[in-house]
Amino acid sequence: MTPSTQPAALPENSYGGGAAPAVNHANNATHPQGRPEEALAELHAAVGRIAANVEKVIVGKPDVVRVALVTLLAEGHLLVEDVPGVGKTSLAKALARSIDCTVSRIQFTPDLLPSDITGVSIYNRQDNDFEFRPGPVFANIVVGDEINRASPKTQSALLECMEEHQVTVDGQTYPLGSPFMVIATQNPIEMEGTYALPEAQRDRFTARVSIGYPDPQAELAMVDEHAGHDPMADLRPVSDAEQVLRLVQVVRRVHLSPEIRRYAVELVGATRRLPELRLGASPRSTLQLVRAARAQAALAGRDFVVPDDLHAVAVPVLAHRLVLTAEAQAARRSAADLVRQLVQRVPVPQAAMDPTGQFLHNINPNHHR
């Protein structure tokens, strides 16, 4: 894994400021909760505020912040992987603090137990019965710091939480709140005292990003602004859980044409035929890809998905799910590079339909190979 690998850059002006959202007005009937342009305008403004708030802490990394916001709106979970000291935990905490909702933080250590995450049933002598004491996973945003420093047994405690938004303890199932998002950080697996996340758990993370080292100008600005003061201390919420749920509903209603659906399936299916991989992307990753593409389209001010939206999120959504063969690892190939090559190689729909059934001929001029 390459710590400095950057996620695919998302289009400029994809949130906050800039031109007004480009909405397809012919699709108003499909938006029962109000006019789509009003909903997208609220999303545009709210995401701009959250992004500006996070960027007070994470200097010079707008693309990383965008991927985090796409993951939030796609109802997914985010894995932040990089070397120590580049701001992984700061990104997770800044995003959590920007939203007025319940937040918990779990420091993963080798001696952490599954019950320390999910909760435990304790005998109540007064009632002569067991009562459940919820663990830190019962929050809207759960920040898991250095998740791969805990044992695989403890890591597996998050599997049910992340996929089904519930916790089962002693045969009793407890639902989690909504919205629910896990933002986990991890060090590269080559570092001492780490346990590689199993494939099943990596597959539950919608996207993975690497922050990377800042450029000299950004690092100088960070020294000037952060050396004598912690910006995290002044960070205040600029949104709340109720608004996030409204924005998620807006993203759910973004139109996905049949051509785009087939293109997403072909893109993911192509990973399963690569000779450099011994494990391609799962059907779950297809669902996560289209959800992230819908969120990306909404951030760009559109109520329909185009191929460029899939391209923008393909690397963060797919790369961490792929397992390279030993030969590919020896040749120093990376999963991110393979995804980029697939994006160039898989034929793009020559005409993708908008919600009215009209063809959009001017999207993505890539040609068939």
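Remember, predicted model here, so these are calculated numbers, not experimental data.

Draft legend 1. The overall build of the protein, seen in detail. Secondary structure assignment for the protein yields 14 helices and 15 strands. For the protein, the proportion of contacts with a sequence separation of at least 24, taken over those separated by at least 6, is 78%. Total accessible area on the protein is roughly 16800 Å²; 51% of this is exposed by carbon and sulfur atoms.

Draft legend 2. Examining empty space enclosed by the protein more closely. Inspection of the entire model under this criterion finds four cavities of 30 Å³ or more. Estimates place the volume of the largest cavity at around 50 Å³. Lining the largest cavity we find 10 residues, and of these Val 67, Val 70, Val 313, Pro 316 and Val 317 sit closest to its centre. Within the residue set of the lining of the largest cavity, elements represented by two or more residues are helix H2 (62–73) and helix H12 (307–318). Broken down by class, the residue content of the lining of the largest cavity amounts to eight nonpolar, two polar and no charged.

Draft legend 3. Structural view of the nonpolar core. Leu 43, Val 54, Leu 73, Leu 78, Leu 95, Ile 183 and Leu 289 are the most contacted members of the largest nonpolar core, which totals 83 residues. Once residues within four sequence positions are removed from consideration, Leu 95 is found in contact with Ile 50, Val 54, Ala 68, Leu 69, Ile 141, Met 181 and Ile 183. Core analysis: the next-biggest nonpolar cluster, separate from the first, contains 23 residues, Ile 106, Phe 108, Ile 117 and Phe 180 among them.

Draft legend 4. Spatial organisation of the sheet that holds strand S6 (residues 141–145). The five strands are arranged S3-S6-S9-S1-S10 in an open sheet whose pairing can be described as parallel. A strand with exactly one partner marks an edge of an open sheet, and here the two such strands are strand S3 (103–107) and strand S10 (207–209). Strand-to-strand twist across the sheet, computed as the mean angle between neighbouring axes with direction ignored, equals 15°. Across the sheet, H2 lies against strand S1 (78–81), strand S9 (181–186) and S10, angled at about 165° from S10, the strand it touches most.

Draft legend 5. Representation of the side chain of Asn 187 in the model. For Asn 187, the position within the fold is in the loop between S9 and helix H7 (199–202). Engagement of the side chain of Asn 187 in a polar contact is seen with the side chain of Arg 149, the distance being 3.1 Å. Excluding residues within four positions of it along the chain, Asn 187 makes contact with Asp 82, Val 83, Pro 84, Lys 88, Glu 146, Asn 148, Arg 149 and Thr 194.

Draft legend 6. Quick look at the packing of aromatic side chains. This model, assessed by the stated rule, comprises three aromatic pairs. Centre to centre, the rings of Tyr 123 and Phe 130 are 5.3 Å apart; their planes meet at 65°, and the pair counts as edge-to-face. Residue classification places Tyr 123 among the partly exposed positions, given a relative accessible area of 40%. Exposure remark for Phe 130: the relative accessible area of 55% places this residue in the exposed category. On the basis of an interplanar angle of 65° and a centroid distance of 5.7 Å, the ring pair of Phe 132 and Phe 138 is categorised as edge-to-face. The exposure class assigned to Phe 132 is buried, which follows from its relative accessible area of 15%. For Phe 138, a relative accessible area of 27% gives the class partly exposed. Among the aromatic side chains, those forming a connected cluster through ring pairs are Phe 132, Phe 138 and Tyr 174.

Draft legend 7. Molecular detail of the pairing of strand S8 (residues 172–175). Bridge count between strand S7 (residues 166–169) and S8: four bridges; the pairing is antiparallel. Each residue of the ladder has a partner; that of Val 169, found in S8, is Gln 172. Linking S7 to S8, which pair antiparallel, is a turn of two residues; within it Asp 170 sits at a positive phi near 55°.

Draft legend 8. Summary view of the packing of helix H1 (residues 36–54) against helix H9 (residues 241–252). Running from N to C, H1 and H9 cross one another at 130°; their axes reach a closest spacing of 10 Å. One way to sum up the angle between H1 and H9 is to call them oblique. Helix-helix and strand crossings are classified by hand; for H1 and H9 the assignment is left-handed. Contacts between H1 and H9 involve Ala 39, Leu 40, Glu 42, Leu 43, Ala 46 and Arg 49 on the former and, on the latter, Gln 243, Arg 246, Leu 247, Val 250 and Val 251. When grouped by side-chain class, the residues that make up the contact of H1 with H9 number seven nonpolar, one polar and three charged.

Draft legend 9. Examining unusual backbone geometry more closely. Here the amide bond leading from Ser 178 into Pro 179 is cis, since omega sits at 0°, within 30 degrees of zero. Tracing the sequence through the fold places Pro 179 in the loop between S8 and S9. You will see that Glu 75, though not glycine, has its phi angle at about 60°, which is positive. In this fold, Glu 75 is placed in the loop between H2 and S1. Phi at Asn 128 takes a positive value of approximately 55°, unusual for a residue other than glycine. Mapped onto the secondary structure, Asn 128 falls in the loop between strand S4 (119–124) and strand S5 (129–134).

Draft legend 10. Up close: the environment of Val 86. Structurally, the position occupied by Val 86 is in the loop between S1 and helix H3 (88–97). For Val 86, a relative accessible area of 13% gives the class buried. Residues Val 86 and Gly 212, spaced 126 residues apart in sequence, show a C-alpha to C-alpha distance of 6.6 Å. Excluding residues within four positions of it along the chain, Val 86 makes contact with Ile 211, Gly 212 and Tyr 213.

Draft legend 11. Spatial organisation of the pattern of salt bridges. By the definition in use, this model includes 15 salt bridges. Note that Arg 333 is salt-bridged to Glu 276, the shortest N-O span being 3.6 Å. One end of the pair, Arg 333, is in the loop between helix H13 (326–330) and helix H14 (335–345); the other, Glu 276, is in the loop between helix H10 (258–271) and strand S12 (277–279), with 57 residues separating them in the sequence. Arg 333 sits in the partly exposed class, given a relative accessible area of 29%. Arg 302 is the partner of Asp 309 in a salt bridge, and the nearest nitrogen-oxygen pair spans 2.7 Å. Just as Asp 309 is buried, Arg 302 falls in that class too. Salt bridges here are not isolated pairs; linked through shared partners, they connect Glu 163, Asp 203, Arg 284 and Arg 321.

The rules behind the values
Residue numbers run consecutively from 1 along every chain, following the written order of its sequence. Where local features are concerned, this predicted model is filtered to residues with pLDDT of at least 70; where side-chain atom pairs are given and counted, the filter is 80 or more; whole-chain, interface and lining totals use all residues. The basis for every side-chain value is the complete set of non-hydrogen atoms in the structure, without hydrogens or water. Where helices and strands are cited, they refer to DSSP runs of H or I of at least four residues and of E of at least two residues respectively, numbered from the N terminus. In what follows, a contact means two residues having at least one pair of non-hydrogen atoms within 4.5 Å. Here the accessible surface of atoms and residues is derived via Shrake-Rupley with a 1.4 Å probe, and residues count as covered only by protein chains that are part of the display. With a 1 Å grid laid over protein atoms only, a set of points is called a cavity when a 1.4 Å probe fits there but cannot get out and a pocket when it is open yet has protein on both sides within 12 Å along at least five of seven lines; lining residues have an atom within 4 Å of a point. Grid points are joined across faces, edges and corners, and a volume is the space filled by probe spheres set on the points. In this count, Pro and Cys sit with the nonpolar residues alongside Ala, Val, Leu, Ile, Met, Phe, Trp and Tyr, while Asp, Glu, Lys and Arg are called charged and the others, Gly among them, polar. Buried Ala, Val, Leu, Ile, Met, Phe, Trp, Tyr and Cys residues that are joined via side-chain atoms within 4.5 Å together make up what is termed a nonpolar core. Exposure is judged per residue with a 1.4 Å probe applied to protein chains only, and the accessible area is read against the type maximum: over 50% gives exposed, under 20% gives buried, and values in between give partly exposed. Note: two strands are recorded as paired if DSSP finds a minimum of 2 bridges between them. Where helices are involved, their axes are fitted lines through C-alpha atoms of the stretch in contact, as for all axes, and angles between N-to-C directions lie from 0 to 180°. Under the rule applied, a polar contact is a pair of N or O atoms within 3.5 Å (in protein, one hydrogen donor and one hydrogen acceptor; residues adjacent in sequence only if both atoms are side-chain atoms). Classification of ring pairs rests on two measures: the distance between centres of Phe, Tyr or Trp rings, Trp counted by its six-membered ring, which must be within 6.5 Å, and the angle between planes, read as stacked under 30 degrees, edge-to-face over 60 and tilted in between. Comment on the angle field: the value is read as roughly parallel under 35 degrees, roughly antiparallel over 145, roughly perpendicular from 65 to 115, and oblique elsewhere. Here a crossing is taken to be left-handed if its near helix is turned anticlockwise relative to the far helix by less than a right angle, and right-handed if that turn runs clockwise. Any Lys or Arg side-chain nitrogen located within 4 Å of an Asp or Glu carboxyl oxygen qualifies as a salt bridge.

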